Amino acid sequence: MENKNFDSFIKSFTAYLKKSGLSNTIQKEAILKVLFEEAGHLNAEEIATIVKKKYKINIGIATVYRNLNFLENSNIVSAIVKDSSNTKSYEISIDGHHDHIICTQCGKVVEFFDEDIEKSQLEIAQSNGFTIESHNMTIYGICSECKGK
C-alpha cells in the first residue's frame, strides 16, 4: 500500500494511543508497517525477521508477541491459525470483515466474504438469544493445487 495511506493510518493509530493514555513506539510502528505493506498473513517470527532486515530495528520476539497481543486486543490486527501447530498469523484489520479458507497441506489462505453466511450467523445467534459482538470463521481443507499432487 502507498506510504500516504500508511501515514494516515499511523496518525489515527497514534491518536488512538494518546486517547488511551499510551505511547507509540518505533517497534509498534514497524510491526504495523510490515503488516500494512506485506502480502499475506505473517506469524510473529516472520514479522520480527522483516522488521530486523528491512527497518534495521533490533526487536526481540517477546516484544513482537507483546505488541501483536495489544494490537489484536485493540482490534487493529486480526489473527488466524493456519495449521495444527496453533501458530497465529496476523493481518491489519482495516479492510473490513472477511472470513478465511486455509489449506491444511500448504498453508494457502483465501479470504472471502459471503452475505448469506453472515445473515445465517446472525439468525443463528438471534435464535439462540445471542447478540453478536464479533466472530471469526475459518474453514480448513485441501486446495486444488495440493489435491492434484
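As a reminder, the structure under discussion sits directly above these lines.
The shown structure was predicted, so the numbers you read here are calculated from the model rather than taken from an experiment.

Caption draft 1: Broad picture of the sheet that holds strand β6 (residues 138-141). In spatial order, the strands read β5-β4-β6; together these 3 strands make up an open sheet with mixed pairing. Every other strand in the sheet has two partners, leaving β5 (109-112) and β6 as the edge strands with one partner each. For this sheet the average axis-to-axis angle between neighbouring strands, irrespective of direction, equals 20°. Bridging between strand β4 (residues 99-103) and β6 involves 4 bridges; their strand directions are parallel. Across the sheet, H100 pairs through a bridge with T138, a residue of β6.

Caption draft 2: How the structure looks around the nonpolar core. If you look at the biggest cluster of nonpolar residues, it comprises 27 residues, and the most contacted ones within it are L32 and I47. Looking at this core, the elements that each hand over two or more residues are α1 (3-19), α2 (26-37), α3 (44-55), α4 (61-73), β2 (77-81) and β3 (88-92). With 6 residues, α2 is the single largest residue contributor to this core. Every residue in contact with I47, bar those within four places of it in the chain, is listed here: I31, V34, L35, L42, V64, L68 and Y90.

Caption draft 3: Summary view of the environment of C146. Considering the arrangement of structural elements, one finds C146 in helix α6 (residues 144-147). Judged by its relative accessible area of 7%, C146 falls in the buried class. For the pair C146 and A30, spaced 116 residues apart in sequence, the C-alpha separation works out to 34 Å. The residues touching C146, leaving out its near neighbours within four places in the chain, are C103, Q105 and C106.

Caption draft 4: Local environment of the packing of aromatic side chains. Evaluation of the coordinates by the stated rule reveals 3 aromatic pairs. On the basis of an interplanar angle of 40° and a centroid distance of 6.3 Å, the ring pair of F6 and F9 is categorised as tilted. Taken together, the residues span about one helical turn, with F6 and F9 both in helix α1 at a distance of 3 residues. No difference in accessibility class separates F6 from F9, as the two residues are buried.

Definitions and limits used
Residues numbered from 1 in each chain as written. Predicted model: local features only at pLDDT ≥ 70, side-chain atom pairs only at ≥ 80, totals over all residues. Heavy atoms only, no water. Pairing = 2+ DSSP bridges. Helix = DSSP H or I, 4+ residues; strand = E, 2+ residues; numbered from the N terminus. Axes fitted to C-alpha atoms, helices over the stretch in contact; angles between N-to-C directions. Core = buried A, V, L, I, M, F, W, Y, C linked by side-chain atoms within 4.5 Å. Buried < 20%, exposed > 50% of the residue type's maximum accessible area, 1.4 Å probe, protein only. Contact = heavy atoms within 4.5 Å. Phe/Tyr/Trp six-rings, centres within 6.5 Å; stacked < 30°, edge-to-face > 60°.

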